[in-house]
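Here are the chains, one letter per residue:
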Amino acid sequence: MPVTREEYVQTWTRIWQARADSYALDTMSPKIVARHKEVLAAMSPEERAMQARSFGTEDPFAPTLAPPGSTKGHPLVKADPAWFDASVPRTAVQLIVVKFWYSGQLDPDHPGPSEWGSVSPLRVWETLHHSNWREIGAALEGGRPAPGS
């Protein structure tokens, strides 16, 4: 789900405020908090609801947001709460994220190391094609068969 510009600024305002409250000698954090509050107050309701995009700014005190409507920077997202079952204990595993950093140089019809000798693309292919996804899904479901398996 998209993180709104308002959520992004409010979150960072809380983070900077906590830092300001923790370090009496910190003179920068209170300035950052004040600037974040100014930026949020100046946003229209439409701007507040737009998806936040992380992007550097020349103002060291302002939130790191791309201009409204810009495609610069990285769009920010959060997990959809509908993905999770609130009735299970908070310690229950409900989601596993696997992230691979690799070059993308992989021929899916002839998997192997990249032309530079990196085995990372091959390991991604192996994980996708040789993992027992039914068993993994059942483990996430607490031993019950995973939906659609």
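Each remark here, short or long, concerns the structure printed above.
The following paragraphs examine the structure supplied in this document.

1. A few points about helix α4 (residues 120–130)
Note: α-helices contain 3.6 residues per turn, so residues at a spacing of three or four share the same orientation.
Okay, step 1: Among the residues of α4, Pro-121, Leu-122, Val-124 and Trp-125 are the ones counted as buried. Down the axis, α4 shows its buried residues gathered within 160 degrees of arc, on one side only.

2. Considering the nonpolar core
Okay, step 1: In this structure, Val-3, Tyr-8, Val-9, Val-39, Leu-40, Met-43, Ala-52, Ala-62, Leu-65 and Leu-76 together form the largest nonpolar core, which totals 10 residues.
Okay, step 2: Among the elements of the structure, α1 (5–22) and α2 (28–42) are those that each provide at least two residues to this core.
Okay, step 3: Setting aside its immediate chain neighbours within four residues, Leu-65 contacts Arg-5, Tyr-8, Val-9, Met-43, Ala-52, Arg-53 and Phe-55.

3. Thoughts on a nonpolar patch on the surface
Okay, step 1: Together, Val-93, Ile-96, Val-98, Leu-128, Trp-133 and Ile-136 make up a nonpolar patch on the protein surface, roughly 560 Å² of accessible area in all.
Okay, step 2: For Ile-136, the position within the fold is in helix α5 (residues 133–140).
Okay, step 3: Using a relative accessible area of 33% as the deciding quantity, one classes Ile-136 as partly exposed.

4. Brief notes about the environment of Val-39
Okay, step 1: Summarising the element assignment, Val-39 is placed in helix α2.
Okay, step 2: Along the sequence, Val-39 and Pro-113 sit 74 residues apart, while their C-alpha atoms lie 49 Å from each other.
Okay, step 3: If sequence neighbours within four positions are ignored, Val-39 has contacts with Ala-62 and Pro-63.

5. Regarding the packing of α1 against α2
Okay, step 1: The interhelical angle for the contact between α1 and α2, taken along N-to-C directions, is 160 degrees, at an axis separation of 8 Å. Accordingly, the angle class assigned to the pair α1 and α2 is roughly antiparallel. Considering only the axes of α1 and α2, their crossing is left-handed. Contacts between α1 and α2 pair Glu-6, Val-9, Gln-10, Trp-12, Thr-13, Trp-16, Gln-17, Arg-19 and Ala-20 from the former with Ser-29, Pro-30, Ile-32, Val-33, His-36, Lys-37 and Leu-40 from the latter.

6. Brief notes about the pattern of salt bridges
Okay, step 1: Counted by the stated rule, this structure contains six salt bridges.
Okay, step 2: Glu-38 is the partner of Arg-35 in a salt bridge, and the nearest nitrogen-oxygen pair spans 3.2 Å. Of the two residues, Arg-35 and Glu-38 both sit in helix α2, three residues apart, roughly one turn of that helix.
Okay, step 3: We classify Arg-35 as partly exposed; its relative accessible area is 28%.
Okay, step 4: The class for Glu-38 is partly exposed, based on a relative accessible area of 46%.
Okay, step 5: Residues Arg-123 and Glu-126 are paired through a salt bridge, measuring 2.8 Å at the closest nitrogen-oxygen approach. Of this pair, Arg-123 and Glu-126 both sit in helix α4, three residues apart, which is roughly one turn of that helix.
Okay, step 6: Note on Arg-123: relative accessible area 41%, which makes it partly exposed.

Conventions used here
- Residues numbered from 1 in each chain as written.
- Predicted model: local features only at pLDDT ≥ 70, side-chain atom pairs only at ≥ 80, totals over all residues.
- Heavy atoms only, no water.
- Buried < 20%, exposed > 50% of the residue type's maximum accessible area, 1.4 Å probe, protein only.
- Helix = DSSP H or I, 4+ residues; strand = E, 2+ residues; numbered from the N terminus.
- Arc of directions from axis to C-beta.
- Core = buried A, V, L, I, M, F, W, Y, C linked by side-chain atoms within 4.5 Å.
- Contact = heavy atoms within 4.5 Å.
- Patch = residues over 30% accessible without salt bridge, like charges linked within 9 Å, V, L, I, M, F, W, Y side chains within 5 Å.
- Areas by Shrake-Rupley, 256 points an atom, 1.4 Å probe, with all protein chains shown as cover.
- Salt bridge = Lys/Arg side-chain N within 4 Å of Asp/Glu carboxyl O.
- Axes fitted to C-alpha atoms, helices over the stretch in contact; angles between N-to-C directions.
- Parallel < 35°, antiparallel > 145°, perpendicular 65-115°, else oblique.
- Left-handed = near helix turned anticlockwise from the far one by under 90°.

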